[in-house]
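Architecture at a glance
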Amino acid sequence: MRKSVIAAALSLGLATLGLGTAVPANAAGGAGYTSTANAESSEAFFQAVLKSVAEKRAADPTGTAAVTVVYDASRAPTFASQIASSTRIWNSAVSNVKLQSGSAGTADFSYREGNDSRGSYASTDGHGSGYIFLDYRQNQQYDPTRVTAHETGHVLGLPDHYSGPCSELMSGGGPGPSCTNAQPNSAERSRVNQLWANGLAAAMDKALQND
């Protein structure tokens, strides 16, 4: 009963925020850092993480304003420093959601590393197994902290916008390898706060009322 209520509430919250129907990223080719943007893949990742956090929060409400998204970085040891920096950047930039390191059993998503012709990307099957893949070669060409922070932006609900300037984190590789900015701009920070305040709060209110 609880899961069906949460799913319905999440669908309503996402529709209110203007997000379309999500599809699995691995079926759509992922959300590559420098490839053609796939907004549906980003939305699918955000929806999966939102659902995971909402279910845990409904089972054990904390009563705090901010919510916590737990990640597992154990499968990306080479990028431990960049993941930690990305976490600090986002936690300092937004107030309605916080990133926190955890284990595989408690994580809402994970980081992985390796070689992939697609480069770095965010992927999910829509059922709680979302991950960020960090490609070795791409992270030698582009600033690795910017790449990691950019991909983490997908987890928090932001789509790619490659035509944007270097000051826009979600412009990704659009401005070229010389761009090293890893900070979200004011519009991106505001959007993440809005997504988590409106989407999760609405879903949780309805879930708890009908629990």
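This text follows the structure it describes.
Numbers given to residues run from 1 along each chain, matching the order in which its sequence is written. The predicted nature of this model means local features are confined to residues of pLDDT at least 70 and side-chain atom pairs, given and counted, to a pLDDT of 80 or more, with totals for whole chains, interfaces and linings taken over all residues. Water and hydrogen atoms were dropped before computing side-chain values, which therefore reflect all heavy atoms in the structure.

Cysteine sulfur atoms that pair up within 2.5 Å are treated as a disulfide. Within the structure shown, the criterion is met by one disulfide. Across a sulfur-sulfur distance of 2.0 Å, C166 and C179 are joined as a disulfide pair. Across the S-S bond of C166 and C179 the torsion is about 90°, and the bridge reads as right-handed. Residue C166 is located in the loop between α6 (144-155) and α7 (186-209), and its partner C179 is located in the loop between α6 and α7; the two are separated by 13 residues in the primary sequence. Residue class for C179 comes out buried when judged on its relative accessible area of 4%. A helix here means a DSSP run of H or I that spans at least four residues, while a strand means a run of E at least two residues long, and both kinds are numbered starting from the N terminus. The buried label applies to any residue whose accessible area, calculated with a 1.4 Å probe on protein chains only, is under 20% of its type's maximum; exposed applies above 50%, and partly exposed to all values in between.

Moving on, we come to the nonpolar core. Side-chain atoms within 4.5 Å link the members of a nonpolar core, which is a set of buried Ala, Val, Leu, Ile, Met, Phe, Trp, Tyr and Cys residues. V69, W90, F109 and W196 are the most contacted members of the largest nonpolar core, which totals 34 residues. Mapped onto this core, the elements with two or more residues apiece are α3 (39-59), β1 (67-75), α4 (80-93), β2 (97-101), β3 (109-114), β5 (131-135), α6 and α7. With five residues, α3 is the largest single contributor of residues to this core. Excluding residues that lie within four positions of it along the chain, V69 makes contacts with V49, V53, V97, K98, L99, Q100, D108, F109, V155 and W196. Only heavy atoms enter the contact rule, under which two residues are in contact if any of them lie within 4.5 Å.

It is worth spelling out the pairing of β5 at this point. Among the five residues that make up β5, five are buried, leaving the element largely enclosed by the rest of the structure. For two strands to count as paired, DSSP must find a minimum of two bridges between them. As paired strands, β3 and β5 are joined by five bridges and run parallel to one another. When the bridges of β5 are listed, S110 appears paired with Y131. Note: strand β4 (residues 121-123) against β5, three bridges, orientation antiparallel. Each bridged residue has a counterpart across the sheet, and for A122 the counterpart in β5 is I132.

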